[in-house]
Amino acid sequence: MLKSKGISVNEKKIAAFIGEDGMLEKIQFEDETSVLREGGFIATEWIQADTFKSSLEYTLNEQGGIATDSLQRTKSEGVFACGDTRIAGPSQLIVAAGEGSMAAISVIAALTEEKFNQDKQHA
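Residues numbered from 1 in each chain as written. Predicted model: local features only at pLDDT ≥ 70, side-chain atom pairs only at ≥ 80, totals over all residues. Heavy atoms only, no water.

Undergrad: What is the right way to read the environment of D84 from this model?
TA: The topology assignment puts D84 in the loop between β3 (34-36) and α1 (93-122). Separated by 24 residues in sequence, D84 and L60 have C-alpha atoms that sit 13 Å apart. (Helix = DSSP H or I, 4+ residues; strand = E, 2+ residues; numbered from the N terminus.)

This is the structure:
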């Protein structure tokens, strides 16, 4: 569709942006070719800073983060996730804080239920 409108798409890997004083002049590709440009658009791929490799069992969601339910619980009992661990991409502090609050509420509820069940068994 872009080509039909005279817009070219270059998917080569970029080696460097060349210019002065914050102004783009040229894009240098890994294959040593380059194009003169004064601007352009790029698409980034967001990935998690940590691969979450651990002995905990959890699944990843479609955003590349740890999958949780609405209470921030993972599929592993006692494991909760919130904020940037749930999404690979830009996150807002206020959203992460809200999710952290929800995770804290869920942890307290889980601990209360666990304690209640222990007390009930000993009664």
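Undergrad: Would you take a moment to explain the layout of surface pockets for this structure?
TA: To locate leftover empty space, one rolls a probe as large as a water molecule over the atoms. Of the voids in this model, the largest pocket is the one considered here, and its volume is about 600 Å³. Forming the walls of the largest pocket are 19 residues, and the residues nearest its centre are N10, I27, G40, F41 and I42. Those elements that provide at least two residues to the lining of the largest pocket are β1 (14-20) and β2 (23-29). A total of three residues in the lining of the largest pocket trace back to one element, the largest contributor, which is β2. The class makeup of the residues in the lining of the largest pocket is 12 nonpolar, four polar and three charged. What the second largest pocket holds in volume is close to 320 Å³. Around the second largest pocket, the lining comprises 15 residues; the ones closest to its centre are E77, G78, F80, S106 and A110. Across the lining of the second largest pocket, the residue classes tally to seven nonpolar, four polar and four charged. (1 Å grid on protein atoms, 1.4 Å probe; cavity = no way out; pocket = protein on both sides within 12 Å on 5 of 7 lines; lining within 4 Å. Points joined across faces, edges and corners; volume = space filled by probe spheres on them. Nonpolar A, V, L, I, M, F, W, Y, C, P; charged D, E, K, R; others polar.)

Undergrad: Please clarify how a nonpolar patch on the surface should be interpreted in this entry.
TA: A cluster of nonpolar residues, L2, I7 and V9, forms a patch on the protein surface that exposes about 250 Å² of accessible area. The residue I7 is located in the segment before β1 in this model. You can call I7 partly exposed: its relative accessible area is 43%. (Patch = residues over 30% accessible without salt bridge, like charges linked within 9 Å, V, L, I, M, F, W, Y side chains within 5 Å. Areas by Shrake-Rupley, 256 points an atom, 1.4 Å probe, with all protein chains shown as cover. Salt bridge = Lys/Arg side-chain N within 4 Å of Asp/Glu carboxyl O. Buried < 20%, exposed > 50% of the residue type's maximum accessible area, 1.4 Å probe, protein only.)

Undergrad: In this structure, what is going on with the pairing of β2? I would like to understand it.
TA: Note on strand geometry: in a regular strand, side chains alternate between the two faces of the sheet. Across six bridges, the pairing between β1 and β2 is antiparallel. Paired with I14 across the strands is F29, a residue of β2. Between β1 and β2, which pair antiparallel in sequence order, lie two residues; one of them, D21, sits at a positive phi of approximately 55°. Here β2 runs beside β3; their pairing, made up of three bridges, is antiparallel. (Pairing = 2+ DSSP bridges.)

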